[in-house]
Structure formats: C-alpha cells, structure tokens
Amino acid sequence: MSGADRERTRWFLRNILPHEPALRGWLSRSALPGVDPGDVIQEAYTILAELESVDAIRHPRAYLFQVARSVIMRHVRRARIVPIHTVDDLERLDHPDDAASPEKHAIDRDELRQLARAIAAMPPKTRQAFVLRRVDGLPQREIAARMRISENTVETHISRGILFLIDWFGSSGNNRSQTSKTVESEIASLDGRARHQSRH
Amino acid sequence: MAEPDTSRDIDQAASDWAARLDRGPLSPETDARLQAWLSGDPRRKGALLRARAVSMMSESAQALGRDFDPAAFEPARRPLLASVSRRQALAWAGAGATAAGLAALALPAAARTVISTERGEIRLAPLKDGSTVLLNTETRIRVRYSDGERRVTLLEGEAYFAVARDEARPFIVEVNGRRLRTTQAGFRVRKLDRDPVDVLVNQGRVELSPALALTANTRLILSDGPSAAERPQPIAPEAVTRDLAWREGKLAFEGETLKQAADTFARYSQTRILVPDAALAREPVAGLFASNDPVGFSRAIASVFDARLEQQGGDVVLTRAAPVAATSSAAAQ
C-alpha cells in the first residue's frame, strides 16, 4: 500500500467504518424498493475512496450519510420506473438519526475485544491461519509451511477471515445474509401493494 | 455476465484482493487485473477500501500477544455484539485487562464528562462533533462541549486528538492550565508525572497563543508558563510515526537506552522490567514491540544482548550473562 493509500485507509477505518452499522440500519429501515443497502454502502465508499482529499470533511458521519443519500438519488433517477413510495421515502432520508444511540456507538469502542471475539468465532482452519498472520505476524509463505497447505490456500483463508470481519463489524454482529434475504423478499413482494411496514 | 454481481459477491472478491495484497507486492500483470476489476463496477473500489480497512484493523490483533488463546473468547453462542450488556463489558474489562490489555467502554463518550483508561488499556472515544480522542494507557480526560467551544482537559496521561474541522467552534485541549487551540488537527498531548507536557502535531495546526503555533511534524515541550524558551521543534515524519505507534498497541524504539524502554513498558503493564546492571541498562534498543508484552520484549533483548532473563514474582529481571569462562553448568544452575 502506498503511504497515501494507507493514510486514506486508516482515515476510513477510524472515521467511517464505525458508522457502518448505523448507516446499514438506516438504509434497511428506509428499505427503498430495489435498493440494496449493501450496494449503496459500497458505492458510497467508492466515492470516499476517490476523493482527492478528506481533510475538509468536518463531520465524517454526517458526510457518509449524505454521500449514501446521493447514491440513492442516483439510483432512483436511473431507474426507469420510480415506485410511488420512493418519493416520500426520500423525504425520510432527509433526516438520518445522526445522534447515535449508545448501543450504536458502542461498536467502535472496543475494537480489540471484538476483534478477539471475531477471530475466535472463525472456522477453525481460517482462524488458525488468521492468528498466525495477524497475531504472530508470520508471512503467508511461512504459514503455508507451518500448516502444511499451499500458499494459495493460506491466501484463501486470509480472504475468508477478512470477509468474516467485514460481516462482523459491518453489521454489528447481525446475520447479514438474513438482512439481505429480508430485503430481497421485500423487493419480490413489491407489486404495487403497500408494504407491511408501518409508515406515516 | 447477465446478472450483475451482488454486493456480497463483490465483498468476496474484495476480500480475495485484500488477502492477495496482504501476501506481498503484486506483479504488473496481477496489478493490471486488479485495476480492470476495480473499474468494472462502481461498488468495487469502495468494497476494496473497506476490505483493506478491516484488514488493517486486524493488524492490531498483534497487540493480543502470542499468548492469545482464541478459545478464551469463544462465546457460548454467537452473540449479537450490539446486545452486549454494560455489565458483561465491564466484567470483561476487569478480567481481560491483564489478558488482552485493552478494554471496552460501554458508555457513550458524550454522556460522560470524564473518560479514563486503566494501565495497559487503549480506548477510542468518539465525540459528538465527529472528532475522536484516542486515550493511551492510564489516561484521564474531561470533555466539555458548549456552543462556543469544544473543550477537552487532559488530566493525566497521553491522548491523540483527531479534531473534525469546525471554524466556528474551536477545539481546545487544556493541560496544566495552558490552552492548545485548533479548528482542525491531529495531535498528541502527553502529561506524565514528572515530565513537562509534550505536544506533537501530526496534521493541521495547533496554537498555544496567537504568536506560537505548531504545524504538522513539530513538537513542543511546554514550560510551566509562557516562556520565550518555548519553541516548536521540527521532527521527522518517521519519528512521528514511531512516537504514535502506541495507537496500534505497539512501542517503537530507535536507540533509546534499555532503561528508557523499560520505563516506557512500565506505563503499560504491571510487569516491571528490572535491569540492575548499569552497563546493560545503557544499551541502545531498537525495534517494534507489542506494548502489552514486556516479557516478549525482554526475551528479544536477552537474546540480542546475550543477557539472562529471570522472572521474579511479577517482575522480569535482565542481567548480563556471566563472563564466558564462568558459563559452566554451575553458573547455569
């Protein structure tokens, strides 16, 4: 990683990632038809990755929500048919709950403890490789020799470990596949009828 | 492909790339494949940024130390992290303080006026305005935000302030009655028992008075009161990185004496490193070490300086190995 890359990644890690569960929660609650929170989040992150500089960002959390909102707007404009609900859904998007509740905020405070628990929850082989890489700091090649597996397999375990952590930290422990299933079924049931969710 | 990738597919591929990058530098061909992949979908760059950020975060697992036993952290069932109760978190903080060295803060920073850490603990406290304070070991701060200013008092210890820009509401760090003022900066302030207050600016600009400002990569030792002797010293970016290594649970030395290094470790752990031999205590040490692993550090030192390591109660004692002639079975005994 180049220095600038690393600096941006660190900025992202400290200032943006802690707010992902809140953003995901907000996007899921707003549940716009045809808009997957996972897609919006990734696209918003792309915008952050491509910024020339992040120095001017005063309130990363508010900025993140704003960027996510612009991504949704773009999706809505691109869609040929704008479902009628979307309009007032967007109204609601004007007011993300920016004052985080204690529960939501607790996420970014005990990183290491969570990290230890997340690593502990990984599948055994992945966990072994991940501990050797991250706790003991061995290069992947050495891990391969020690575990008597190929380097490519080690790389796969590291990849799984990272994906595991993305899920763990991004959804604050909620089962993410469940979340997207819910969204999918909601999308599937969108045939002009009002959704079940209460709204006003 | 008819079906566009789901965000899940992209996360999977992004994790693969992050793991590939973790393995070592990319060949030009592989890098070209990565660039092609990145430009193929507007979500991919963001997904990779996240994967690498998570990967970077997991580097702090090194601070768990080699004695880390994942089994100790296995939950009875996979819990929802958000539902960890305050009591559980505190119980862990107590039990884990020695094991993992870092502990949880289960209350929102905004709701408390005083935030503190125990020895060996590092804590990130997000503030209401998007600024964050990272507290190093044995540190106490008081946070007071008003409409006119964002004020944090460093009562003791060491903290890194990442201040979100707000021209209208300056961020002020009070320490020993002096006021460090900024509208946006990343800087570290240290107030230890006997030493004078030490300020190091990593990013932005911090003012002590209208006439005295610190810019990036400068450091200032505060006197008891305003004084002409107070002059910011430029310091090399590498030295800044070393100074701030504690943010990742590490300690970096480059030529400090073993005594100084031992004193630094003492801030992070109950285990003391004792070096009775004055000549050995003056030996320069270099390297990057886990701040919560004084024993691991001592082992490394013992092997480099051919010293003997003994654990006496809670302490580690380093002594020069006996002169070569005397290194017999009797000496080893």
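Cut-offs applied
Residues numbered from 1 in each chain as written. Chains lettered and ligands numbered in written order. Predicted model: local features only at pLDDT ≥ 70, side-chain atom pairs only at ≥ 80, totals over all residues. Helix = DSSP H or I, 4+ residues; strand = E, 2+ residues; numbered from the N terminus. Buried ≥ 20, exposed ≤ 12 C-beta atoms within 10 Å, placed from the backbone. Pairing = 2+ DSSP bridges. Contact = placed C-beta atoms within 7 Å. Axes fitted to C-alpha atoms, helices over the stretch in contact; angles between N-to-C directions. Parallel < 35°, antiparallel > 145°, perpendicular 65-115°, else oblique. Left-handed = near helix turned anticlockwise from the far one by under 90°. pLDDT = per-residue confidence, 0-100. Expected span 1.5 Å × (residues − 1). Nonpolar A, V, L, I, M, F, W, Y, C, P; charged D, E, K, R; others polar. Core = buried A, V, L, I, M, F, W, Y, C linked by C-beta atoms within 7 Å.

Caption draft 1: Fine view of the overall build of chain B. Looking only at helices and strands, one finds nine helices and 17 strands in chain B. The buried share of chain B, taken over its 333 residues, is 37%.

Caption draft 2: Summary view of the sheet that holds strand 17 (residues 315-320) of chain B. Residue and element names in this part refer to chain B. Reading across the sheet, the three strands line up as 14-17-16 and stay open at both edges, with mixed pairing between neighbours. Taken across any chain shown, the strands that pair with only one partner, and hence form the sheet edges, are strand 14 (273-274) and strand 16 (307-312). Strands in contact with helix 8 (residues 294-305) are strand 14, strand 16 and strand 17; relative to strand 16, the strand with the most contacts, it is inclined by about 155°.

Caption draft 3: Layout of the packing of helix 10 (residues 151-170) of chain A against helix 1 (residues 7-23) of chain B. Interaxial distance between helix 10 of chain A and helix 1 of chain B falls to 8 Å at its minimum, and their mutual angle equals 125°. The angle between helix 10 of chain A and helix 1 of chain B falls in the class oblique. Like other packed secondary-structure pairs, helix 10 of chain A and helix 1 of chain B cross with a definite hand, here right-handed. Each of A:Glu155, A:Ile158, A:Ser159, A:Ile162, A:Leu163 and A:Ile166 in helix 10 of chain A lies in contact with helix 1 of chain B, whose residues at this interface are B:Asp11, B:Gln12, B:Ser15, B:Asp16, B:Ala18, B:Ala19, B:Arg20, B:Asp22 and B:Arg23.

Caption draft 4: Region of interest: the pairing of strand 3 (residues 132-135) of chain B. All names here are of chain B. Side chains Thr132 and Leu134 project from strand 3 onto one buried face, and the interleaved Val133 and Leu135 project onto a second face that is buried too. Direction of pairing for strand 2 (residues 123-126) relative to strand 3: antiparallel, over a ladder of four bridges. For Leu124, the partnering residue across the bridge sits in strand 3 and is Leu134. Sheet topology places strand 3 next to strand 5 (residues 150-163); four bridges connect them, and they run antiparallel. When the bridges of strand 5 are listed, Thr132 appears paired with Ala162.

Caption draft 5: Structural detail: the confidence of the model for chain B. Residue and element names in this part refer to chain B. Across chain B, the average pLDDT comes to 81, with 83% of residues at or above 70. Within chain B, strand 8 (residues 185-191) carries the highest mean pLDDT (96), whereas helix 4 (residues 86-99) carries the lowest (36). When the criterion is pLDDT under 50, residues 76-112 qualifies, and its contacts beyond four places in sequence or with other chains add up to 67 contacts. Ignoring residues within four places in sequence, the model shows residues 325-333, a span with pLDDT below 50, making four contacts including any to other chains. Taken over the whole predicted complex, pTM reads 0.45, whereas the ipTM for its chain interfaces reads 0.71.

Caption draft 6: Summary view of the environment of A:Ala68. Residue and element names in this part refer to chain A. Within the secondary structure, Ala68 sits in helix 4 (residues 60-78). The exposure class of Ala68 is buried, given the 23 C-beta atoms found within 10 Å. When the C-alpha atoms of Ala68 and Ala44 are compared, they prove to be 5.3 Å apart, with 24 residues separating the residues in sequence. Beyond its immediate sequence surroundings of up to four residues, Ala68 is in contact with Leu23, Leu27, Val40, Ile41 and Ala44.

Caption draft 7: Structural detail: the confidence of the model for chain A. Residues and elements named next belong to chain A. Averaged over all residues, the pLDDT of chain A equals 72, while 63% of them reach at least 70. By mean pLDDT, the top-scoring element of chain A is helix 9 (residues 140-147) (94), and the lowest-scoring one is helix 11 (residues 176-188) (32). Per-residue pLDDT stays below 50 along residues 80-92; that stretch engages in ten contacts with residues further than four places along the chain or on separate chains. A low-confidence stretch, residues 173-200 stays under pLDDT 50, and its non-local contacts, those more than four residues away or across chains, total 24 contacts.

Caption draft 8: Representation of unusual backbone geometry. Even without glycine at this site, A:Arg148 takes up a positive phi of about 55°. Within the secondary structure layout, A:Arg148 lies in the loop between helix 9 and helix 10. Overall, A:Arg148 belongs to the exposed group, with 7 C-beta atoms counted inside 10 Å. At B:Glu138, a residue that is not glycine, the phi angle is positive and equals roughly 45°. As for its placement among the helices and strands, B:Glu138 is situated in the loop between strand 3 and strand 4 (140-145).

Caption draft 9: Layout of helix 1 of chain B. The end-to-end C-alpha distance of helix 1 of chain B is 24 Å, a good match for the 24 Å that 17 residues give at a rise of 1.5 Å each. Of the positions making up helix 1 of chain B, those classed as buried are B:Ser7, B:Ile10, B:Asp11, B:Ala14, B:Ser15, B:Trp17, B:Ala18, B:Ala19 and B:Asp22. Packing partners of the buried residues in helix 1 of chain B comprise helix 3 (37-50), helix 9 and helix 10 of chain A together with helix 2 (28-39) and helix 3 (44-58) of chain B.

Caption draft 10: Looking closely at the packing of helix 10 of chain A against helix 3 of chain B. Look at helix 10 of chain A against helix 3 of chain B: their axes get within 9 Å of each other, and the N-to-C directions meet at 95°. Between helix 10 of chain A and helix 3 of chain B, the angle is such that the two are roughly perpendicular. On the side of helix 10 of chain A, the interface is formed by A:Ile162, A:Leu165, A:Ile166 and A:Phe169, while helix 3 of chain B contributes B:Arg50, B:Ala51, B:Val54, B:Ser55 and B:Ser58. Broken down by class, the residue content of the contact of helix 10 of chain A with helix 3 of chain B amounts to six nonpolar, two polar and one charged.

Caption draft 11: Expanded view of the pairing of strand 9 (residues 198-209) of chain B. Residue and element names in this part refer to chain B. Bridging between strand 8 and strand 9 involves six bridges; their strand directions are antiparallel. Bridging from a neighbouring strand, Arg190 pairs with Asp198 of strand 9. Between strand 8 and the antiparallel strand that follows it, strand 9, lie six residues. In this sheet, strand 11 (residues 218-221) lies alongside strand 9 in antiparallel orientation, the contact comprising four bridges. From the neighbouring strand, Val199 faces strand 11, where its bridge partner is Leu220. Where strand 9 meets strand 10 (residues 212-215), four bridges bridge the pair, whose relative direction is antiparallel. Bridge pairing links Arg205 to Thr215 in strand 10. Following strand 9, the chain reverses through two residues before pairing antiparallel with strand 10.

Caption draft 12: Spatial organisation of the nonpolar core. By size, the foremost hydrophobic cluster in this structure holds 80 residues, and its most contacted members are A:Ala44, A:Ala68, A:Ile162 and B:Ala51. A per-element tally of this core places helix 10 of chain A first, with nine residues. Excluding residues that lie within four positions of it along the chain, A:Ile162 makes contacts with B:Ser15, B:Ala18, B:Ala19, B:Ala51, B:Val54 and B:Ser55. Counting 30 residues, the second largest nonpolar core, distinct from the first, contains B:Leu127, B:Ile141, B:Ala162 and B:Ala164.

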